[in-house]
Amino acid sequence: MADGKYFSTTKRGEIHELKEELASLDKGKKKEAVKKVIAAMTVGKDVSMLFPAVVNNMQTEDLELKKLVYLYLINYAKTQPDLAIMAVNTFVKARRGSHGSSAQCRAGVQRALSLIGVQQWSDSQDPNPLIRALAVRTMGCIRVDKITEYLCDPLQRCLKDDDPYVRKTAAVCVAKLYDISAELVEDRGFLDMLREMLSDANPMVVANAIAALSEIQEQGGQEVLQITPHTLFKLLAALNECTEWGQLALSPNNNGKVFILDCLAGYDMSDPKDAEKIAERVLPRLQHANSAVVLSAVKVIMRAMDVVPSEDLVKAWSKKMAPPLVTLLSSEPEVQYVALRNINLIVQKRPSILAHEVKVFFCKYNDPLYVKMEKLEVMIRLANDKNIDQVLLELKEYAQEVDVDFVRKAVRAIGRCAVSLEAAAERCINVLLELIKSKVNYVVQEAVIVIKDIFRRYPNRYESIIATLCDNLESLDEPEAKASMIWIIGEYAERIDNADELLETFLETFPEETAPVQLQLLTATVKLFLKKPTESAQRMIQLVLSAATTETDNPDLRDRAYVYWRLLSTDPEVGGPQERTILARG
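Parameters and conventions
- Residues numbered from 1 in each chain as written.
- Predicted model: local features only at pLDDT ≥ 70, side-chain atom pairs only at ≥ 80, totals over all residues.
- Heavy atoms only, no water.
- UniProt positions renumbered as here; feature names shortened; annotations may be inferred.
- Axes fitted to C-alpha atoms, helices over the stretch in contact; angles between N-to-C directions.
- Helix = DSSP H or I, 4+ residues; strand = E, 2+ residues; numbered from the N terminus.
- Parallel < 35°, antiparallel > 145°, perpendicular 65-115°, else oblique.
- Left-handed = near helix turned anticlockwise from the far one by under 90°.
- Contact = heavy atoms within 4.5 Å.
- Buried < 20%, exposed > 50% of the residue type's maximum accessible area, 1.4 Å probe, protein only.
- Polar contact = N/O pair within 3.5 Å; in protein donor to acceptor, adjacent residues only side chain to side chain.
- Phe/Tyr/Trp six-rings, centres within 6.5 Å; stacked < 30°, edge-to-face > 60°.
- Nonpolar A, V, L, I, M, F, W, Y, C, P; charged D, E, K, R; others polar.
- Expected span 1.5 Å × (residues − 1).
- Salt bridge = Lys/Arg side-chain N within 4 Å of Asp/Glu carboxyl O.
- Core = buried A, V, L, I, M, F, W, Y, C linked by side-chain atoms within 4.5 Å.
- Disulfide = S-S within 2.5 Å.
- pLDDT = per-residue confidence, 0-100.

By the naming in an unreviewed UniProt entry, the protein is AP-1 complex subunit beta-1, taken from Monoraphidium neglectum. Regarding the protein, the relevant UniProt record gives this comment under Sequence similarities (unreviewed entry): "Belongs to the adaptor complexes large subunit family." In UniProt, the protein has this text filed under Subcellular location (unreviewed entry): "Endomembrane system".

Structure follows, in structure tokens:
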């Protein structure tokens, strides 16, 4: 296989030159060669074919070179776990010649892997703590069973190392080892050692122990992290002493979970005194510059609020929570989005926290669409009788913008405000009527949909606007808008003079309509017949019942039609003898 396939952007002989430099006796030349390899790897070039030549430089006293080799090894051990065996196989063949038997090659692979493991075993006992930590971290990243065998003893040693940097690195390595061999971790007592580390004097060690136990708990599904009152005290102490990364307890595989604060949130706060103590220790984290720390602190305090009986205390905490949450909206759009998703949940439970901050959630012209959508959700949650005029004015502006999805969402938001705030319903309807007068197709259709919901929420209250809706029938071409208008006509058939004519225009395309529209047409026609049993209504119901029972494959539509047909033909209270005869004849 040509070298150029892997290193396509370099000269054909560069791989060969790098191999020669990596095998050079000159330490400076070796180091420069490894740096070139790392540089190529960093920009996405495939330098995996140099694996044997790079790994062969592990046995060195040069700390910088050792770090570079381990960096290379960790990268390819993560992205291509099988590469270790394949590359070492190549390495062995190169040393033994290509004519060795397959058994000899397999034995050579095992010996080469053993050499890597032995070297890392040796490094795990190095006087330099950086090298000890580097060795155990690298062994945790190489997902090869033969290396794993060499990992256990050094890992046990490193978990009890005198240097906290080594201990915290070893704690994360236990979680990686559990992913490779859960049984091995349990048999060698690593879980108990991690639990003991929760009482470690160094807060960073405590943070990483929690990170490891939490990750193991997610992977294995068993409860390995139990917070006791004694552990709780240690966590609170570690939270105050460690850096933000300790508070976050981030490791490469944990997807950014805030482990210390998550553990505090998961603690059973049945005792109000414990809840108050936890909240008071966590409150300073609200002022942190890291948004993840702030949101996790909010989560802990929200849990504590459910337990603390004092309303005054809850109000005081709420006042302290509002400014940090508002500050998050000054971050970059991605952080804003995550913050808004969390704020949406917060205001659902405790809207009073941000009740006076609705203006902060007004959309800016340069906000991305996904941020605008989330801001709308929060605005709806925070709308009340005091700020509804401001909110409606803002929503009306949004409904006149150019982004169709955003406009639709804004119109629906006006409807949701009307449904949730009875005192403001009329003002919301007036805004919707103004938007309908704009004659913009998708605005009219969304307005019809939300007005239907308003009619259902407040029956027999705003029928005066039906005439305006009927004047815009031609604008309706979307199934949901059609279904909503049909429902309105059927519900208020006795108050609409030409209700039969309006429904008949929809019946002309009955077979081509979607299922929701057909179902609404069926129900609306039956309502029309019951409220105004004229000859045209009789003809229409006969037509729609016949089409719904004989010309459709939709079982829901067919079954509903049969139910209506039998009810209408047997109920003595429905219509007169002529109507029942017409229905029965079908």
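Read on, since the account is not over.
## A word on the packing of helix H26 (residues 479–491) against helix H27 (residues 499–507)
Closest axis-to-axis distance for the H26/H27 pair is 10 Å, and the angle between their directions is 155 degrees. In terms of their interaxial angle, H26 and H27 are classed as roughly antiparallel. As for how H26 packs across H27, the hand of that crossing is left-handed. Across from Lys482, Ile486 and Ile489 in H26, the residues of H27 making contact are Ala499, Leu502, Leu503 and Phe506.

## Quick word on the environment of Tyr72
Here Tyr72 lies in helix H4 (residues 63–79). Here Tyr72 falls in the buried class, since its relative accessible area comes to 0%. Remark: the alpha-carbon pair of Tyr72 and Val37, spanning 35 residues in sequence, is separated by 8.3 Å. In this view, Tyr72 contacts Val37, Ile38, Met41, Val47, Ser48, Leu50, Phe51 and Val54; residues no more than four positions away in its chain are not counted. At a separation of 2.7 Å, a polar atom in the side chain of Tyr72 contacts the main-chain carbonyl oxygen of Val47.

## As for the side chain of Lys375
Along the polypeptide, Lys375 turns up in helix H20 (residues 369–382). For Lys375, a relative accessible area of 2% translates into the label buried. When neighbours within four sequence positions are excluded, Lys375 is seen to be in contact with Gln336, Leu340, Val360, Phe361, Phe362, Cys363, Lys364 and Asp367.

## So, the packing of aromatic side chains
The tally for this structure, following the rule as stated, stands at four aromatic pairs. On the numbers, 5.6 Å between centres and 80 degrees between planes, the contact of Tyr337 with Tyr370 is edge-to-face. A residue pair is termed long-range when its members are at least 10 positions apart, and Tyr337 in helix H19 (residues 333–349) and Tyr370 in helix H20 qualify at 33 residues. Judged by its relative accessible area of 29%, Tyr337 is partly exposed. Here the aromatic rings of Tyr398 and Phe406 are separated by 5.2 Å at their centres, their planes lie at 40 degrees, and the arrangement is tilted. By relative accessible area, Phe406 is classed as buried at 0%.

## Some points on unusual backbone geometry
With phi around 65 degrees, Lys439 is a residue other than glycine that occupies positive phi space. By relative accessible area, which is 52% here, Lys439 ends up exposed. In this structure, Asn460 is a non-glycine residue whose phi angle is positive, near 60 degrees. Along the chain, the position of Asn460 falls in the loop between helix H24 (441–457) and helix H25 (466–470).

## Structural notes on the packing of helix H21 (residues 388–398) against helix H22 (residues 404–420)
It is at 8 Å that the axes of H21 and H22 come closest, and there the two elements cross at 155 degrees. Between H21 and H22, the interaxial angle falls into the category roughly antiparallel. Seen along the crossing, H21 lies across H22 with a hand that is left-handed. In this structure, H21 contributes Ile388, Val391, Leu392, Leu395 and Tyr398 to the contact, and H22 contributes Phe406, Val407, Ala410, Ala413, Ile414 and Cys417. For the contact of H21 with H22, the class distribution of residues is eleven nonpolar, no polar and no charged.

## Brief notes about H19
Between its first and last C-alpha, H19 extends 25 Å over 17 residues, near the 24 Å set by a 1.5 Å rise per residue. For H19, every residue scored as buried is listed here: Val335, Gln336, Ala339, Leu340, Ile343, Asn344, Ile346 and Val347. The elements touched by buried residues of H19 are helix H17 (291–305), helix H18 (311–327) and H20.

## Looking at the pattern of salt bridges
As a working rule, side chains carrying opposite charge can pair if their charged atoms are close by. If you walk through the whole model with that rule in mind, you get 31 salt bridges. Taking the shortest distance from any N to any O, the salt bridge between Asp306 and Lys349 comes out at 2.7 Å. Of this pair, Asp306 sits in the loop between H17 and H18 while Lys349 is found in helix H19, placing the two residues 43 residues apart along the sequence. Here Asp306 makes a salt bridge to Arg350, at a shortest N to O gap of 3.3 Å. Linking Asp306 in the loop between H17 and H18 with Arg350 in the loop between H19 and H20, this pair joins segments that are 44 residues apart in sequence. By relative accessible area, which is 42% here, Asp306 ends up partly exposed.

## Let's talk about the nonpolar core
Counting residues in each nonpolar core, the largest one holds 168 residues, and the members touching the most others are Leu155 and Phe455. No other element matches the ten residues that H17 contributes to this core. In contact with Phe455, other than residues within four places in its own chain, are Tyr462, Ile465, Ile466, Leu469, Trp487, Ile488 and Tyr492. Residues Ala33, Val54, Ala135 and Ile142 belong to the second largest nonpolar core, which totals 26 residues.

## Some remarks on the state of the cysteines
One pass over the structure, following the stated rule, counts zero disulfides. Distance from the sulfur of Cys158, which forms no disulfide, to the nearest cysteine sulfur (Cys173) is 8.4 Å.

## Thoughts on the confidence of the model for the protein
When pLDDT is averaged along the protein, the result is 82; 82% of the residues meet or exceed 70. When mean pLDDT is taken per element in the protein, H20 scores highest with 96 and helix H31 (residues 577–585) scores lowest with 42. Under a pLDDT of 50 for its full length, residues 87–112 has, in the predicted model, 26 contacts with residues more than four places off or in other chains. Here residues 575–586 is modelled with pLDDT under 50, and outside its nearest four sequence neighbours on either side it reaches 21 contacts, counting other chains as well.

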